[in-house]
Amino acid sequence: FFTDDEVEFPEGPHFSKLFFASGLGVCVSLLNLVGMVTYGRYMKTWRYHAMFIFANCVLCSLNLLCVFIYTRSNVAWGIPDHIFVLSGWAATSMAFMWIIMPGVVLISHLCPEGIEATMYAILAGSHNL
């Protein structure tokens with residue numbers, strides 16, 4: 001859908017493969033870091049239960065934005081596809097980090113001292129599967 005050309009889907013966003021594969025990925029990676037920083041600065045004192053509920057509600061709300069890109073409502077509102085998708089995916093990546101970080105902190109408290117980095121690597125590797 002996102003990289004279809006005018007022949008395949010005339011009303012589509014028609015993103016280039018470079019933007020879709022690289023541009024969005026770099027932006028999401030940078031905003032993952034912003035998500036970690038905002039968690040560490042503003043949310044590390046929150047209770048885990050409240051953090052999970054808040055982050056999941058935000059993530060669910062942000063994922064509903066996909067409905068607007070697929071129905072092409074953003075174009076009717078005058079919001080360009082690149083801006084709408086980039087901002088939606090960026091906000092989603094930040095909220096996703098808010099969900100991941102409490103789990104990482106919990107695991108670091110549960111593992112033996114000195115192997116926290118190893119546990120984080122195992123967690124990140126498991127997530128990437």
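Structure's up top.
Residues numbered from 1 in each chain as written. Predicted model: local features only at pLDDT ≥ 70, side-chain atom pairs only at ≥ 80, totals over all residues. Heavy atoms only, no water.

A. Layout of the overall build of the protein chain. The helix and strand tally for the protein chain stands at six helices and zero strands. The C-alpha atoms of the protein chain give a radius of gyration of 18 Å, which is well past the 14 Å a tight globule of 129 residues would have. For the protein chain, the spread of C-alpha atoms along the principal axes amounts to about 60 × 25 × 20 Å. Buried positions account for 29% of the 129 residues belonging to the protein chain. The long-range fraction of contacts in the protein chain, counting pairs at least 24 apart against all pairs at least 6 apart in sequence, stands at 65%. Summed over its atoms, the accessible surface of the protein chain is roughly 8300 Å², and 70% of this surface lies on carbon and sulfur atoms. (Helix = DSSP H or I, 4+ residues; strand = E, 2+ residues; numbered from the N terminus. Rg over C-alpha atoms; globule rule 2.2 N^0.38 Å. Buried < 20%, exposed > 50% of the residue type's maximum accessible area, 1.4 Å probe, protein only. Contact = heavy atoms within 4.5 Å. Areas by Shrake-Rupley, 256 points an atom, 1.4 Å probe, with all protein chains shown as cover.)

B. Up close: the packing of helix α2 (residues 48–63) against helix α5 (residues 81–110). The geometry of α2 relative to α5 is characterised by a closest axis approach of 8 Å and an angle of 155° between their N-to-C directions. On the basis of the axis angle, α2 is roughly antiparallel to α5. The hand of the α2/α5 crossing is left-handed. Taken together, the residues of α5 that come into contact with α2 (itself represented by Y48, M51, F52, F54, A55, N56, V58, L59, L62 and N63) are A91, T92, A95, F96, W98, I99, P102, G103, V105, L106 and H109. A breakdown of the residues in the contact of α2 with α5 according to their chemical character gives 16 nonpolar, five polar and no charged. (Axes fitted to C-alpha atoms, helices over the stretch in contact; angles between N-to-C directions. Parallel < 35°, antiparallel > 145°, perpendicular 65-115°, else oblique. Left-handed = near helix turned anticlockwise from the far one by under 90°. Nonpolar A, V, L, I, M, F, W, Y, C, P; charged D, E, K, R; others polar.)

C. Inspection of the environment of F2 at higher detail. Residue position: F2 is located in the segment before α1 (17–43). Along the backbone, F2 and V105 are 103 residues apart, and their C-alpha atoms lie at a distance of 36 Å. When neighbours within four sequence positions are excluded, F2 is seen to be in contact with P13, H14, F15, F20, I69, Y70, V85 and W89.

D. Spotlight on the packing of α1 against α5. Contact geometry of α1 with α5 gives a least axis separation of 7 Å together with a crossing angle of 45°. Between α1 and α5, the angle falls in the class oblique. α5 is crossed by α1, and the crossing has right-handed handedness. Taken together, the residues of the contact of α1 with α5 break down into 20 nonpolar, five polar and no charged.

E. Up close: the nonpolar core. Ranked by internal contacts, the top residues of the largest apolar core, which has 15 residues, are L31, Y39, M43, M51, A55, A95 and W98. At the level of elements, α1, α2 and α5 are the ones that each hand at least two residues to this core. At seven residues, α5 tops the list of elements feeding residues into this core. Setting aside residues no more than four positions away along its own chain, M51 makes contact with Y39, M43, W46, W98 and P102. The next biggest cluster of nonpolar side chains, apart from the first, holds seven residues, and it includes F19, L24, I69 and V85. (Core = buried A, V, L, I, M, F, W, Y, C linked by side-chain atoms within 4.5 Å.)

So far we have only geometry, and geometry alone does not tell us how the molecule works.
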